[in-house]
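So you can see what is in the structure, the chains are spelled out below.
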Amino acid sequence: SSSSAAAEDYAALMRDDISISDITSDERNAEALRQLKDDGPKFAKLWLQRISRVRDLGYVFGVNDSRALGVLGCFLGRSANVKDLQFALPPDLNIGIIEPFLLELRNNRSIRTLRLKNYVPRDFFRRLTPFIANNTCVVKMDVYNCDMDEEHFRSLSLALRESRSL
């Protein structure tokens, strides 16, 4: 399937001979990827939003590159250090940009808190369900300042049914 082929591509990036600079030209995103690749990030919080930057205790990863996000999801899937993941996604974001990230995130077992701020794409919760089902450490989910309709709530409800920790 195409998703397993994509997963194989991201797994190949774990090799030492792959250069992070070949994945992204954004230096702040590259630094976060370098730390996660070595599973030694100095940060416990990760924000995903429009523009990358360094924050106290964490990184803000810019959501402008689908491939970099897929690699981020792959590396984060192995991470034991990141405990807090916040999505502050721009309203014009195409869900396809973050889909590789959400697909790879399903392997993470360290994140304890999910925060969704300002905007939730229509199909977001359905695509987040494998992560919610597999990660038994998630004990808190904050959703604030988001306009959500009936479909959002239905998808969120179905995702939460799969959780063993929320």
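Whatever comes next refers back to the structure up there.
Since this is a predicted model, take the numbers as computed values, not measurements.

(A) Broad picture of unusual backbone geometry. If you check the backbone angles, N118 has positive phi at about 75° while not being a glycine. For N118, the location among the structural elements is in the loop between β5 (113-117) and α5 (124-134).

(B) Summary view of α5. Within α5, eight of the 11 residues are buried, leaving the element largely enclosed by the surrounding structure. Of all the positions in α5, only F124, F125, R127, L128, T129, F131, I132 and A133 are classed as buried. Elements in contact with the buried residues of α5: β4 (84-88), α4 (95-105), β5, β6 (140-144) and α6 (150-162).

(C) The nonpolar core, seen in detail. In this structure, L46, L48, L85, F87, F101 and F124 are the most contacted members of the largest nonpolar core, which totals 44 residues. The leading source of residues in this core is helix α3 (residues 66-78), at seven residues. Once residues lying within four places of it in the same chain are set aside, the contact partners of L48 are F61, V63, L69, L72, L85, Q86, F87, A88, L89 and F101.

(D) Region of the structure containing the environment of N107. Mapping N107 onto the fold places it in the loop between α4 and β5. Since its relative accessible area comes to 37%, N107 is described here as partly exposed. Considering only alpha carbons, one finds N107 and G73, 34 residues apart in sequence, at a separation of 8.7 Å.

The rules we used
- Residues numbered from 1 in each chain as written.
- Predicted model: local features only at pLDDT ≥ 70, side-chain atom pairs only at ≥ 80, totals over all residues.
- Heavy atoms only, no water.
- Helix = DSSP H or I, 4+ residues; strand = E, 2+ residues; numbered from the N terminus.
- Buried < 20%, exposed > 50% of the residue type's maximum accessible area, 1.4 Å probe, protein only.
- Contact = heavy atoms within 4.5 Å.
- Core = buried A, V, L, I, M, F, W, Y, C linked by side-chain atoms within 4.5 Å.

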